[in-house]
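# Architecture and fold: a report
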Amino acid sequence: MEKKFSGKVWKLPDDVDTDTIIAGRHGVLPTPKDMSVHCLETLRPELASTAKPGDILVAGKNFGCGSSREQAPACIVALGIKCIIAKSFARIFYRNGINNGMFLIESNDLPDNCEEGDIVTVEVNKKVTVNGKEFDIPNIPDNLFEIIKDGGLVNRYRKLNEANK
Amino acid sequence: MGYTLAEKILMKNTGLKEIKPGQLIITKPNMYMIHDIYTPFVIQKFEEMKFKKVANPDKAIVILDHLMPTNAAKNDPRHYRAGIELSQRFGIKKLHIGEGISHTLMHELGYAKPGTVVVATDSHTPTYGGGGCFCTGIGFTEMAAVLGSGELWMKVPEAIKVVVEGKLPKGVYAKDIILKIIGDIKADGGTYKSMEFTGSTIRDLDMSSRFTIANMSLEAGVKTGLFEADKKTAEYFGMDYDEISWIKIDEDANYVQVLHYKAEDIEPQLACPQGVDNVKPISEVMGTKLNEVYIGSCTNGSIEDMAIAANILKGKKIEKYMKLVIIPASLKVYKEAMALGYIETFIEAGGMVSHPCCGLCCGQPYGLMSDGEVVLGTNNRNFIGRMGTKKSLIFLSSPAVAAASALTGVVSDPREIL
């Protein structure tokens, strides 16, 4: 994974729940790609069809609250979105996001200092920058960074299992 | 220095002699459960990870409850088939099809025992914390890793202590306590944390009430919601109390927050449209028109909940245009409710009694609400669109408020008829 990358901001509110990210009835579609057409559709109907790979979601507190459905991060990843910056994440979403190879950054201040369409630059384990303002971000523990670097938990274990052959 | 319940159970699981919040540890979960929404995805991820076999098939449980029976012929049958495949191909003998809601079965069948670590592919996994089990939800990719490796990383959580003292007023139940707490600390008030319950009111609660509170503590974002073990816990699980008496909060344990409640001050509570932390006392929502009432779910589908509803509905008829759906949480609850005459009471009152499953709560098997319709349920979550279209409205309450409201067709206070 690149240590520095930039992306265009989609601004989302507090408490975006997993039913909003992907409704239960769409969560049984065959693949995350199929589901991604419905990603965040009740909140931002245009997002799924117009988001570009590399875009960044910027949200308020408690992003991904609700169910354990991993279809939520998986369908966001299927849109090519690999990074979310939020004031806080719901616990299971945080784990699922990392396990799907997503970079999740907690920043209490950045969401209030950027608007839809702004360009955010992320420097892993250092800072995020938007509109000339810099914000510190927490370090991600080594074992979690390994998972993200390998592109998620599946690739991580595949690598380990293949190495053990 | 003392320890919280979460710290004590994680120390026992890992064999670590000391532990502190924020520490990353590798646990070996004692049991792990997969339900039907995730069965195909778990198999897929397991294969992609290049695992050949399940490390401990006896620790794995597969329960089919969300899509029981099939909701949509196009996509759902593969979840059922994948559940059977998990069992046949990997030697997972604990397979339950249509026997009830996974979380209820997990404690009813003794899979989630006091003092153990249990994970499952569902957010409401904290339910078994009512029995002093450290249990938490994980995703299907992690579950595949747990099946293959038998291990799971966890961060030792900080903890919040909730102390409830006194005697609950008539018509006020466990559901009202936890709704009140969620309304106060909000949907993210417990994020990443262990919420641990104590005090005289908590000790007086029966096991089903403890499971109700633990189940719904998740709606405050917690990792797990834990109760101390006592003689009731031991009796429920058929264990010696001496085996589990260590599951007690140390007086000098470190809590990041302590909440105090007086039971006498709590009145019936409702989570209102559209947020589980938009909680109001019943006095502020009385009289709201309802189209449907749902009594059931892993939160409030126990025999005790059925008894509360039957006591209110006995000998009466529900409102003329009301749709009342009642779903016992497991076959055991269903049979007991039949033996005790509750099912007959529900039918005589005009209710529709259905087979044990996740029912209306997950918006899947049936009972979907449409634009403008209002449902009051005893389940745990009222996100927009969860039980139907995004313009349907969801209230959440105790079974007593639900039953009283089914009789009148509007939100009603059970204290007036009890």
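## Considerations on the overall build of chain A
What chain A contains, in helices and strands, is seven helices and seven strands. Reading chain A from its N end, one meets helices and strands in the order β-α-α-α-β-α-β-α-β-β-β-β-α-α. A compact globule built from 165 residues should have a C-alpha radius of gyration of about 15 Å, and chain A, at 15 Å, falls within 12% of that. For chain A, the C-alpha atoms occupy an extent of roughly 50 × 35 × 25 Å along the three principal directions. Sorting the 165 residues of chain A into buried and exposed places 51% on the buried side. A fraction of 67% describes how many contacts in chain A between residues 6 or more apart in sequence connect residues 24 or more apart.

## Structural notes on the domain arrangement of chain B
All names here are of chain B. If you check the domain split of chain B, you get domain 1 (5–14 + 22–154), domain 2 (159–265) and domain 3 (269–416). The distance between the C-alpha centroids of domain 1 and domain 2 comes to 24 Å. In this complex, domain 1 contributes 20 residues to the contact, which on the side of domain 2 involves 27 residues. Counting only elements with at least two residues in the side of domain 1 that touches domain 2, the list comes to helix H1 (5–14), helix H4 (102–108) and strand S6 (134–137).

## Things to note about the interface of chain A and chain B
Each side of the interface is counted separately: chain A has 34 residues, and chain B has 36 residues. Residue assignment for the side of chain A that touches chain B shows that the elements contributing at least two residues are helix H1 (18–21), helix H5 (91–99) and helix H7 (153–163) of chain A. Counting residues per element, the side of chain A that touches chain B draws most heavily on H7(A), at six residues. For the side of chain A that touches chain B, the residue count by class is ten nonpolar, 14 polar and ten charged.

## With respect to the sheet that holds strand S3 (residues 60–64) of chain B
Residue and element names in this part refer to chain B. As summarised here, the arrangement of the five strands in space is S4-S3-S2-S5-S6, forming an open sheet in which the pairing is parallel. Every other strand in the sheet has two partners, leaving strand S4 (94–97) and S6 as the edge strands with one partner each. Looking at each pair of strands side by side, their axes are set apart by 15 degrees on average, direction ignored. Across three bridges, the pairing between strand S2 (residues 31–35) and strand S5 (residues 117–120) is parallel. The partner of Met31 across the bridge, within S5, is Val118.

## As for the sheet that holds strand S4 (residues 103–106) of chain A
Residues and elements named next belong to chain A. Judged by pairing direction, the sheet is mixed, and its seven strands sit side by side in the order S4-S3-S2-S1-S5-S6-S7 without closing on themselves. Strand pairing shows two members of the sheet lacking a second neighbour, S4 and strand S7 (133–136), which therefore form its edges. Ignoring which end each strand starts from, the neighbouring axes of this sheet average 30 degrees apart.

What counts, and where the lines are drawn
- Residues numbered from 1 in each chain as written.
- Chains lettered and ligands numbered in written order.
- Predicted model: local features only at pLDDT ≥ 70, side-chain atom pairs only at ≥ 80, totals over all residues.
- Helix = DSSP H or I, 4+ residues; strand = E, 2+ residues; numbered from the N terminus.
- Rg over C-alpha atoms; globule rule 2.2 N^0.38 Å.
- Buried ≥ 20, exposed ≤ 12 C-beta atoms within 10 Å, placed from the backbone.
- Contact = placed C-beta atoms within 7 Å.
- Domains from an automatic or database assignment.
- Nonpolar A, V, L, I, M, F, W, Y, C, P; charged D, E, K, R; others polar.
- Pairing = 2+ DSSP bridges.
- Axes fitted to C-alpha atoms, helices over the stretch in contact; angles between N-to-C directions.

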